[in-house]
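The primary structure of each chain is shown beneath.
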Amino acid sequence: MKDADLIQRKNDHLDIVLNPARAVSRIRTGFERWRFEHCALPEIDFDRIDLSTSLFGRPMKAPIMIGSMTGGARRAQEINLHLAATAQALGLAMGVGSQRVALESDVNFGLNKNLRTIAPDIPLMANLGAAQIVGPTGLDYARRAVEMIEADALIVHLNPLQEALQNGGDRDWRGVLSAIAGLVDQLAVPVVVKEVGAGLSPDVARRLAEAGVALLDVAGAGGTSWAAVEGERAASTQQRAVAMAFADWGIPTSEALRGIRAALPDLPLIASGGIVDGIDIAKAIALGADIVGLAAAILPSATASEQAVTAFFQTLIAQLQTACFCTGSANLRELRHAPMHDTGRGA
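These numbers come from a predicted model, not from an experiment.

Topic: the overall build of the protein chain
Along its length, the protein chain carries 17 helices and twelve strands. Buried residues in the protein chain amount to 54% of all 347 residues. Excluding contacts between residues fewer than 6 apart, the proportion of contacts in the protein chain whose partners are at least 24 apart in sequence is 77%. Roughly 14,400 Å² of accessible area belongs to the protein chain as shown, and the carbon and sulfur atoms make up 50% of that amount.

Comments concerning the environment of Asp280
Residue placement: Asp280 occurs in helix H14 (residues 278–286). A relative accessible area of 10% places Asp280 in the buried class. Taking the C-alpha atoms as reference points, Asp280 and Ser254, 26 residues apart in sequence, are found 9.8 Å from one another. For Asp280, the contacting residues outside a window of four places in its chain are Phe31, Gly274 and Ile275.

A word on the packing of aromatic side chains
Evaluated as defined, the whole model comprises three aromatic pairs. The lysine or arginine in question, Arg144, covers the ring of Tyr141, its NZ or CZ lying 5.7 Å from the ring centre.

What to know about the layout of surface pockets
Each pocket or cavity is described by its volume, and for the second largest pocket that value is around 410 Å³. Residue lining of the second largest pocket: 18 residues in total, with Leu158, Pro160, Trp173, Val204 and Arg207 positioned closest to the centre. The set of elements that each furnish at least two residues to the lining of the second largest pocket consists of helix H8 (160–165), helix H9 (176–186) and helix H10 (202–210). Of the residues assigned to the lining of the second largest pocket, the class counts are 13 nonpolar, three polar and two charged.

Describing the sheet that holds strand E8 (residues 191–195)
Taken in spatial order, the eight strands line up as E4-E5-E6-E7-E8-E9-E10-E11 and close into a barrel, and their pairing is parallel. Averaged over all adjacent pairs, the angle separating strand axes in this sheet is 25 degrees, with direction ignored. Its contacts with the sheet place helix H3 (residues 76–90) against strand E4 (64–66) and strand E5 (93–95), and it is angled at close to 155 degrees to E5. Each of strand E6 (124–129) and strand E7 (153–158) touches helix H7 (residues 138–149); the most contacted strand, E6, lies at about 150 degrees to it.

Considerations on H3
Taking 1.5 Å of rise per residue, the 15 residues of H3 would be expected to cover 21 Å, and the 21 Å separating its terminal C-alpha atoms lies within 8% of that figure. Considered for burial, the residues of H3 that qualify are Ala76, Ile79, Asn80, His82, Leu83, Ala84, Ala85, Thr86, Ala87 and Leu90. Buried residues in H3 make contact with E4, E5, helix H5 (114–118), helix H15 (299–302) and helix H16 (306–325). Gly91 lies just past H3 and shows a positive phi near 75 degrees.

Rules and cut-offs
- Residues numbered from 1 in each chain as written.
- Predicted model: local features only at pLDDT ≥ 70, side-chain atom pairs only at ≥ 80, totals over all residues.
- Heavy atoms only, no water.
- Helix = DSSP H or I, 4+ residues; strand = E, 2+ residues; numbered from the N terminus.
- Buried < 20%, exposed > 50% of the residue type's maximum accessible area, 1.4 Å probe, protein only.
- Contact = heavy atoms within 4.5 Å.
- Areas by Shrake-Rupley, 256 points an atom, 1.4 Å probe, with all protein chains shown as cover.
- Phe/Tyr/Trp six-rings, centres within 6.5 Å; stacked < 30°, edge-to-face > 60°.
- Lys NZ or Arg CZ within 6 Å of the ring centre and 35° of its normal.
- 1 Å grid on protein atoms, 1.4 Å probe; cavity = no way out; pocket = protein on both sides within 12 Å on 5 of 7 lines; lining within 4 Å.
- Points joined across faces, edges and corners; volume = space filled by probe spheres on them.
- Nonpolar A, V, L, I, M, F, W, Y, C, P; charged D, E, K, R; others polar.
- Pairing = 2+ DSSP bridges.
- Axes fitted to C-alpha atoms, helices over the stretch in contact; angles between N-to-C directions.
- Expected span 1.5 Å × (residues − 1).

This is the structure:
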């Protein structure tokens, strides 16, 4: 695919995701079913609640990750600068969007070492699609992606549904697991694997863990539907009909998280996919997540200013801290054991 076509595709994706009515999944995350048991006697000091954790040896002030987004669009440069500055100020992790365009052209749109200069202390993760790591150039691409931003880890994103539905998508997925295992063996940094909104099953998670993947992002259904996004971009009525039939496809985020945590109790997990507020973050942690990621929910503020992004995350952190207070949880370890009930119904 030509560079210009790739860049246009990334711009289309941003435009559509910024209009949630065009991209929202028909599935709910499942977090709406869960309710914390309110604690009327917390016996803790709100201002001393400890939300800190760590990732890849770097400290974090809160268990929140800025998820991968933006890819190779020109406006991504400003967005990434806003996100990196906020992540540094608030002590959050950050994953960049796909670096394919930056690797295959002479433009990087902000995906360079300037990000690390802005955010020297945060866990920062590079990102490539599964199709880019298969074949003889895969290891070189991976090393360059990591070096480009001085990343602490490489995310390999799995998006077979999206690739099947988009014009010019990569549809030959033979050898992806072997390529991931090869990166684990030969890359100098840990390998992270995430879905992009259709969820990871316990079986796939187990195979990835056996390949040596250090961290999984369940990236479940309930937020952005990339089938709906590609339906919006469809070149024909038929192509749109095929894509939109899959707008309710995938494993809801809460189900993916619970299933993988039960199957792999010791594997570090990121929960993402439709997370909208600090209460969702608290629920995800109580259901087994170590870190919680957001992407689409951040975009409106990220396109505005660094101040808007900072205010967005400060709100999330305050909500998470309040959830801890009202469950009597002085830290994340205690939050993981806070009583929570499945109501069996939506909000």
